[in-house]
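Breakdown of the fold
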Amino acid sequence: PGLAPAQTSISEANLREHVTFLASDKLQGRGTGTKQERKAAKYLAKAFKKAGLQPKGDNGGWYHAFEFKKSSDPHGNVAADAPVVKSRNVAAYLDNGAPHTIVIGAHYDHLGLGHDRNSLEANGQGKIHNGADDNASGTAGVLELARYFAQNNVREQHNFLFLCFSGEELGLVGSKKYTERPTIDLSKVNFMLNMDMIGRLNEEKRLVVGGVGTAPNFVPLLNSLPGAGLGIKQDSAGIGPSDHTSFYLKNIPVLFFFTGQHSDYHKPSDDVEKVNFTGLQSILEYGVRLIEALDKEPKLKFQETKSKPEDTPRFKVTLGIMPDYTYDGEGVHVDGVTDGKPAANAGIQRGDRIVRLGDIEIVTIRDYMSALSKFQKGDTAKVKVVRGGETKELEVTF
């Protein structure tokens, strides 16, 4: 079926169609540098063209090509004889003849057949990781916002650059390569909005909006904007585990949309039937209101946020839980527990709230990370959790 006719509202049917195609078994998990990744890139270019955008890749085409040597080591060290991977970002432009540009992006690659040690399923290698939420959801969002702004009759005061990155799962490679060799003048970019994993809006309807500390106007504007039924959780950091980081490091204000971790993260079970399409539509409607409000403001001033990469604690051990990043109470809310890992062995359960680890009180995720960084393999520690109103003390061995 063709996409819905031109309309100036966000279409749930279009979103469903894009995610269904990108997360189909036929695309085998869109691994970076694969034939299936190229098939996905072709689909994106076709959708941009259909929406009436201009190509903004290399030499007037849709693709921004890049290559890199693939690290085979978890610490990111690259061997001299490492294989060279050839990949591509997809870039589309809406020229409103304006002095400044808004960048809207998402990564379209995923784990392919799970061979790069990124699969979180015990025997996930060789299985298709469809990545419906991660990140067919954000990619569909970019395509739909591109169509919306191209077909809307409002003349915005900014141009728009729509970018779909590859290589994100291998270390934000595509966005890094784009910012090193951009096809527009980055000093004219007002801000970058990145969408990564926006397909699992939960019952609390909580959307994390990251990057709010990267420009002075973001927080007051977000506070004045009605959330339309969404619970907006603001996070100030400009650095995070997704492609907005590459733009933040070029002193560009960034915003990041994310609906939180879940137990299908990086597993073959991240499939299209688990995507909340009504939720996805409401997030993009909120995105439109936010972009339109920022479009009317003067150019944003970049500001650095507190977290620098070197401030992030390093750890040698893992607990084996999936924290609920959308939770905004005290402690770390456990969204998932990996079998056979220290947390599961200690009896920690999904739904528990970790309030103390060793001798550190856990109020925020950051406390949890700094507590973890104090332990070595083989250490034993007490963990205090709140479960259904009761406090329990468990013993964990790393």
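It should be noted that the structure appears before, not after, this text.
What comes next is a walk through the structure. (Residues numbered from 1 in each chain as written. Predicted model: local features only at pLDDT ≥ 70, side-chain atom pairs only at ≥ 80, totals over all residues. Heavy atoms only, no water.)

1. Remarks on the packing of aromatic side chains
Just so we agree on the cut-off: The pairing test for Phe, Tyr and Trp rings, Trp by its six-membered ring, is centres within 6.5 Å, and the orientation test on the planes gives stacked under 30 degrees, edge-to-face over 60, and tilted for anything in between. What counts as a helix is a DSSP run of H or I of at least four residues, what counts as a strand is a run of E of at least two, and both are numbered from the N terminus. Only protein chains enter the accessibility calculation, which uses a 1.4 Å probe. A residue is then buried if its area is under 20% of the maximum for its type, exposed if over 50%, and partly exposed in between. Criterion for a charge above a ring: Lys NZ or Arg CZ within 6 Å of the ring centre, and within 35 degrees of the ring normal.
By the definition in use, this model includes 13 aromatic pairs. Plain terms: the ring middles of Phe48 and Phe162 are 6.5 Å apart, the flat faces sit at 35° to each other, and that makes the pair tilted. With a gap of 114 residues between them, Phe48 in helix H2 (residues 35–50) and Phe162 in strand E5 (residues 159–165) connect regions that are remote in the sequence. Per residue, the accessibility class of Phe48 equals that of Phe162, and both read buried. Ring plane angle 20° and centroid distance 4.5 Å describe the contact between Phe149 and Phe160, whose orientation is recorded as stacked. Of this pair, Phe149 sits in helix H3 (residues 132–151) while Phe160 sits in strand E5, and the two are 11 residues apart along the sequence. Directly above the aromatic system of Tyr93 lies the positively charged group of Lys56, at a separation of 4.7 Å from the ring centroid.

2. Things to note about the side chain of Asp295
To be explicit about the condition: By the counting scheme adopted, Arg and Lys are positive, Glu and Asp are negative, and His together with the chain ends is not counted. Between Lys or Arg on one side and Asp or Glu on the other, a salt bridge is scored when a side-chain nitrogen of the former is within 4 Å of a carboxyl oxygen of the latter. Pairs of N or O atoms are called polar contacts if they sit within 3.5 Å, as long as, within protein, a hydrogen donor faces a hydrogen acceptor (for residues adjacent in sequence, only side-chain-to-side-chain pairs).
Here Asp295 is to be found in helix H7 (residues 277–295). Although Asp295 lies buried, it forms no salt bridge, and the closest oppositely charged side chain, Lys296, sits 5.6 Å away as judged by the N-O distance. Polar side-chain contacts of Asp295 include one of 2.7 Å to the side chain of His158.

3. Brief notes about H3
Inclusion rule: The length a helix should cover is 1.5 Å for every residue beyond the first.
Taking 1.5 Å as the rise per residue, H3 with 20 residues should run 28 Å; its terminal C-alpha atoms sit 26 Å apart, in good agreement. Summarising burial for H3: 18 of the 20 residues are buried, a large majority.

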